[in-house]
Amino acid sequence: MITPKQEKFLHFAQKAFNQDDLISLLKKETIILREQGSGSKKRLESYFEQINLSEKSLNIIARLNDQESIKKLVASGLGISFISAKAITDADNSLTIKLPENSLTRSLYFAYHKDYILKEHILSFIKFVQNFYAKK
């Protein structure tokens, strides 16, 4: 979750908090979400379902498809949002808050025809990814 760099969000970024605190925060703040059809949006909907939170109970002010636009709106103080941790940089001028308990992880899969001979650079990439996640 990302928030503007504001005093009211600092304690969430600095310490662990529980699911009830998260739900309370989400119900109070304005929220910027990804557009319908986004994989991130689908995962977020699933997470909300897990914690028994309805989108109808939230103050969603915008739905955008562009991650960079979402980061800029959050940094300017218009709301909070959820984006991939990999998409956040120090230059984004926002706070990153790790969510409690349940995480918003997604799985990505490689799909290819079993009879197709993969090129060496593709095999190397697949092995790299497999080794990277095997270490975690």
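Here, the structure is the one placed above.
Predicted, not measured: the structure shown is a model, and the values here were computed from it.

A. Expanded view of the overall build of the protein. Secondary structure assignment for the protein yields 5 helices and 5 strands. When its helices and strands are written in sequence order, the protein yields β-α-α-β-α-β-α-β-β-α. Principal axes of the C-alpha set define a box for the protein whose edges measure 55 × 30 × 30 Å. Buried residues in the protein amount to 34% of all 136 residues. Restricting to contacts in the protein with at least 6 residues of sequence separation, those with at least 24 account for 71%. Carbon and sulfur atoms provide 51% of the accessible area of the protein, an area that totals close to 9,300 Å². Taken together, the 21 basic and 15 acidic charged side chains of the protein have centroids lying 3 Å from each other.

B. Representation of the pairing of strand E2 (residues 30–34). Across the 5 residues that make up E2, a large majority, 4, are buried. Bridge count between E2 and strand E3 (residues 59–64): 5 bridges; the pairing is parallel. If you follow Ile32 over to E3, its bridge partner there is Ala62. In the sheet, E2 pairs with strand E4 (residues 80–81) via 2 bridges, with the strands oriented parallel. Pairing of Ile31 across the sheet is with Ile80, part of E4.

Each value, and the rule that gives it
Residues numbered from 1 in each chain as written. Predicted model: local features only at pLDDT ≥ 70, side-chain atom pairs only at ≥ 80, totals over all residues. Heavy atoms only, no water. Helix = DSSP H or I, 4+ residues; strand = E, 2+ residues; numbered from the N terminus. Buried < 20%, exposed > 50% of the residue type's maximum accessible area, 1.4 Å probe, protein only. Contact = heavy atoms within 4.5 Å. Areas by Shrake-Rupley, 256 points an atom, 1.4 Å probe, with all protein chains shown as cover. Lys, Arg positive; Asp, Glu negative; His and termini not counted. Charge placed at Lys NZ, Arg CZ, Asp CG, Glu CD. Pairing = 2+ DSSP bridges.

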